[in-house]
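# What the coordinates show
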Amino acid sequence: MTTSSTPAEARAGAILTIDLDAVAANYRLLSERVAPAECAAVLKADAYGLGMVQVAPALSAAGARTFFVAHLEEGITLRALLPEATIGILNGLMPGCAADYAQHRLAPVLNHAGAIAEWAAFCRQQQKRLPAFVHIDTGMNRLGLGPAEVAALIADPSPLGDLELLGYLSHLATADEVDSPLPGVQRDRFRSALDRLPPARASLANSSGIFRGAQFHFDLARPGCALYGINPTPETGNPMARTVRLDARVLQVRHIDSTGTVGYGATHPVSPGTRIATIAVGYADGYLRSLSGAGSVWFGEQEAPVIGRVSMDLITVDITRLPEGAVHPGTLAEVIGPHRTPDQVASEAGTIGYEILTSLGRRYARRHVGGPQ
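What you see is a predicted model, and the numbers here were worked out from it, not measured in a lab. (Residues numbered from 1 in each chain as written. Predicted model: local features only at pLDDT ≥ 70, side-chain atom pairs only at ≥ 80, totals over all residues. Heavy atoms only, no water.)

This part is about the pairing of strand S6 (residues 107–110). Taking every second residue as pointing to the same face, both faces of S6 are buried, with Ala107 and Val109 on one and Pro108 and Leu110 on the other. Where strand S5 (residues 86–89) and S6 come together, two bridges link them in parallel fashion. Bridge pairing in S6 links Gly88 to Ala107. Handedness of the crossover joining S5 and S6 through helix H6 (residues 98–103): right-handed. (Buried < 20%, exposed > 50% of the residue type's maximum accessible area, 1.4 Å probe, protein only. Helix = DSSP H or I, 4+ residues; strand = E, 2+ residues; numbered from the N terminus. Pairing = 2+ DSSP bridges. Right-handed = clockwise from strand over helix to strand, strands pointing away.)

What follows is the structure, given as structure tokens:
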């Protein structure tokens, strides 16, 4: 593949193609799996790197009505895209910013007793019950009301009467580890708290939690990574559709005619007869430095390993085994695609697919295909 369909793509070092129809299909699959519970959609980190501006309308068209982001500013951006959606802010109530949540009709996830008190006081001041979620920590020990705070809220739930309680949330720590007992422990702790608190909807399952069964679904599931094609069931095949493809352009082909090395640090020796393709993608584009000497790209049905260190703007790959002339300046190499999923790239990099997607750079020519017309 050596041609591009737009001038921007022709000028770009790499092209990131995002399939909005695949994102929508993933949402529908997850929604059907959790029914009759509602299926929300998590759009934090710019829709896991795929572009919230394009992804949010596609998910809304697919039926999503409740969305979560991490930061207040993300919520403000999302509100402009989806005027009627329910939008929860996972990082909670930023001190002194209650009016911003109210102005943009955003629901903070109240993660500690102080946040509940501040939001309740603001609601009383406004003489209006404003929406919020309450986060109960069941074992993550990161955000959420700890056991003492939960006990205090059970003893005196009156602050909840000042706000519009959209539901209780908790978050699974090891849902993707099939043999871990912790998800069951967390589920039971969550149920125990719910039994003693004022009634409201409940939400526990993330992407992997959805596949642990109906006992984790409660009233509202909150998938994130699975929407974007990351495998929520690492112990089995991936049930989700692939949503991204990254093709990077060959800048130069070098024919090595003397013994030497390639790249920074001179870490990879090369000998006469080696052919190297230098490709316009690097760690500034989210192609992680840990892929040095570990990753690979594809030219059609032929694999070419990364040799030497990944640098800021470039990688070098060994194309010696490919036919002479098959690769030349302008040829596009598949970095992520049918032969190399984000999960596979992550495995080679020693990380997780989440990091690969959310690290996708801003220098790519981005091509969104499908979606609402």
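Once that is clear, we can look at the packing of aromatic side chains. A full pass over the atoms with the stated rule returns six aromatic pairs. An angle of 25° between the planes, with centres 5.7 Å apart, marks the rings of Trp119 and Phe122 as stacked. Within this pair, Trp119 and its partner Phe122 are both found in helix H7 (residues 113–126), separated by three residues, close to a single helical turn. Each ring, one from Phe190 and one from Phe218, has its centre 5.2 Å from the other, and the planes form 70°; the classification is edge-to-face. Taken together, the positions of Phe190 in helix H9 (residues 182–196) and Phe218 in the loop between helix H10 (207–210) and strand S10 (220–221) put the pair 28 residues apart, joining distant regions of the chain. (Phe/Tyr/Trp six-rings, centres within 6.5 Å; stacked < 30°, edge-to-face > 60°.)

Evaluation of the coordinates by the stated rule reveals 12 salt bridges. Measuring nitrogen to oxygen at the nearest pair gives 2.9 Å for the salt bridge that ties Asp313 to Arg363. Taken together, the residues Asp313 in the loop between strand S16 (302–307) and strand S17 (315–318) and Arg363 in the loop between helix H12 (353–358) and strand S19 (365–369) connect sequence positions 50 residues apart. Assessed through its relative accessible area of 35%, Asp313 is described here as partly exposed. In this structure Arg363 comes out as partly exposed when scored by relative accessible area, which is 47%. Through salt bridges that share partners, Arg245, Asp247 and Glu334 make up one connected network. (Salt bridge = Lys/Arg side-chain N within 4 Å of Asp/Glu carboxyl O.)

Leu43, Leu59, Trp119, Tyr228, Ile279, Phe299 and Val317 are the most contacted members of the largest nonpolar core, which has 110 residues in total. If you tally residues by element for this core, the top one is helix H2 (residues 20–34), at six residues. With near-sequence residues (within four places) excluded, Trp119 lies in contact with Leu93, Ala98, Tyr101, Ala102, Pro108, Leu110, Leu130, Pro131, Ala132 and Leu163. (Core = buried A, V, L, I, M, F, W, Y, C linked by side-chain atoms within 4.5 Å. Contact = heavy atoms within 4.5 Å.)

Moving on, we get to a negative patch on the surface. Judged by side-chain charge, Asp176, Glu177, Asp179 and Glu235 come together as a negatively charged surface patch. Examined against the element boundaries, Asp176 turns out to sit in the loop between strand S8 (164–169) and H9. Asp176 sits in the partly exposed class, given a relative accessible area of 39%. (Patch = residues over 30% accessible without salt bridge, like charges linked within 9 Å, V, L, I, M, F, W, Y side chains within 5 Å. Areas by Shrake-Rupley, 256 points an atom, 1.4 Å probe, with all protein chains shown as cover. Lys, Arg positive; Asp, Glu negative; His and termini not counted. Charge placed at Lys NZ, Arg CZ, Asp CG, Glu CD.)

On their own, these measurements won't tell you what the molecule is for.
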